[in-house]
Amino acid sequence: EHEGCTKSAIGSTSYCKAHGGGKRCEHEGCTKSARGSTTHCIAHGGGRRCEFEECAKAAEGSTKFCITHGGGRRCQTEGCTSSAQRRTPHCITHGGGKRCEFEECSKSARGSTPFCAAHGGGKKCQHEKCAKAAQGNTHFCKAHMKELSQGVEALVAETQVVVWE
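Residue positions are given per chain, counting from 1 as you read along its sequence in written order. Reporting in this predicted model follows two pLDDT cut-offs: at least 70 for local features of residues, and 80 or more for side-chain atom pairs to be given and counted; totals over whole chains, interfaces and linings ignore these cut-offs and use all residues. No hydrogens and no water enter the side-chain calculation; it runs on all heavy atoms of the structure.

(A) Molecular detail of the side chain of S108. In this description a helix means any DSSP run of H or I spanning at least four residues, a strand means any run of E spanning at least two, and both kinds are numbered starting from the N terminus. With respect to the helices and strands, the residue S108 is situated in the segment before helix 1 (142-158). Only 3.1 Å separates the side chain of S108 from the side chain of R99, close enough to count as a polar contact. Contacts: residue pairs with any heavy atoms within 4.5 Å of one another. Here S108 is in contact with I92, K98, R99, C100, F115 and C116, once residues within four sequence places are set aside. Between N or O atoms, a polar contact is any pair within 3.5 Å; within protein, one atom must be a potential hydrogen donor and the other a potential acceptor, and residues adjacent in sequence are included only when both atoms are from side chains.

So, in structure tokens, the structure goes:
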């Protein structure tokens, strides 16, 4: 009975899964839904697991494997083995996923933004007065990552640690 929600209530609660109904993950502090017949959410080990040897990730879709090991939907472009993105039949390289909304741009949109990195989408470099796109899972652009790593290397070289025998 969440205001404006039209989904069905789950279990003995009067709420849908999105608003707290159904089984909850038993991991301390987690409020996500428990998956399948398990007592935990996917992030905490619940649901079906990848059947690839020594992999603990969640199985994707109706497959027996995680995305890394070939599970989930695959790109429909001949010869491509990458994962299909979102509700499209292709990987990012072959035009799948969310695209940049800038006029006549066909690049991938970055993060939760509607634009590619060239048109202002995605995370920005955290270095003062820099508006370039941050690279990968870092908080800096390529130039400032290089600058920072060189600074760390110089600091390590300056700091001489003497080991007593």
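(B) Just the state of the cysteines, in detail. Whenever a pair of cysteine sulfur atoms sits within 2.5 Å, that pair is classed as a disulfide. In total, this model carries zero disulfides according to the counting rule given. Between C50, a cysteine without a disulfide, and C66, which holds the nearest cysteine sulfur, the sulfur-to-sulfur distance is 3.8 Å. As a non-bridged cysteine, C80 has C91 as the owner of its nearest cysteine sulfur, 3.8 Å distant.

(C) Examining the environment of K132 more closely. Of note, K132 is situated in the segment before helix 1. Each residue's exposure class comes from its accessible area (1.4 Å probe, protein chains only) as a fraction of the maximum for that residue type: buried when under 20%, exposed when over 50%, partly exposed otherwise. With a relative accessible area of 51%, K132 lands in the exposed category. Separated by 14 residues in the primary sequence, K132 and A118 place their C-alpha atoms 8.6 Å from one another. Ignoring anything within four residues of it in the chain, the contact list for K132 reads K123, K124, C125, C141 and A143.

(D) Structural context of the environment of E28. By the secondary structure assignment, E28 is in the segment before helix 1. Through-space distance from the C-alpha of E28 to that of K107 is 41 Å; in sequence the pair is 79 residues apart.

(E) Local environment of unusual backbone geometry. Located in the positive-phi region is E54, a residue other than glycine, with phi close to 65 degrees. Counting through the fold element by element, E54 comes out in the segment before helix 1. With a phi close to 50 degrees, R86 is a non-glycine residue in the positive phi region. For R86, the location among the structural elements is in the segment before helix 1.

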